[in-house]
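Survey of secondary and tertiary structure
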Amino acid sequence: MLSPHEFSMLLRIARAPDSVDLANPAFAVLVEKRLVDDTQVRVNAVAARPALTPIGQMLLSRFDEAA
């Protein structure tokens, strides 16, 4: 289960990935739960831009359907 902060971070990554604070503990949790991919962060820290994994995209689409 995601905390409100983690869910908020997931939405922010989906809608405005450039505004995400990669040092935020919620980001690390999302990476650990495989909802967010940090590959670009590891490859090029200067141009870091997190992205949702297919699992993260599916989770958000299910919330959208329920709304």
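As the structure is a prediction and not an experimental result, all values here were calculated from the model. (Residues numbered from 1 in each chain as written. Predicted model: local features only at pLDDT ≥ 70, side-chain atom pairs only at ≥ 80, totals over all residues. Heavy atoms only, no water.)

**Details of the overall build of the chain**
Of regular secondary structure, the chain possesses 4 helices and 2 strands. Beginning at the N terminus, the succession of helices and strands in the chain can be written as α-α-β-α-β-α. Among the 67 residues that make up the chain, the fraction classed as buried is 27%. Long-range pairs, those at least 24 residues apart, make up 38% of the contacts in the chain with a sequence separation of at least 6. (Helix = DSSP H or I, 4+ residues; strand = E, 2+ residues; numbered from the N terminus. Buried < 20%, exposed > 50% of the residue type's maximum accessible area, 1.4 Å probe, protein only. Contact = heavy atoms within 4.5 Å.)

**Some remarks on the environment of Ile55**
Looking at the element boundaries, Ile55 is found in helix 4 (residues 54-66). For Ile55, a relative accessible area of 45% puts it in the partly exposed group. It is 5.6 Å that separates the C-alpha atoms of Ile55 and Leu35, two residues lying 20 residues apart in sequence. For Ile55, the contacting residues outside a window of four places in its chain are Arg34 and Leu35.

**Section: the nonpolar core**
In terms of nonpolar packing, the biggest core is built from 11 residues, these being Met9, Leu10, Ile13, Val20, Ala26, Phe27, Leu30, Leu35, Val36, Leu52 and Leu60. Broken down by secondary-structure element, the contributors of at least two residues to this core are helix 1 (4-15) and helix 2 (25-32). (Core = buried A, V, L, I, M, F, W, Y, C linked by side-chain atoms within 4.5 Å.)

**Re the side chain of Glu6**
Looking at the element boundaries, Glu6 is found in helix 1. Salt bridges are absent for the buried Glu6, whose nearest opposite-charge side chain, Lys33, sits at 4.1 Å. Those residues in contact with Glu6, other than ones at most four positions away along the chain, are Met1, Ala26, Val29, Leu30 and Lys33. (Lys, Arg positive; Asp, Glu negative; His and termini not counted. Salt bridge = Lys/Arg side-chain N within 4 Å of Asp/Glu carboxyl O.)

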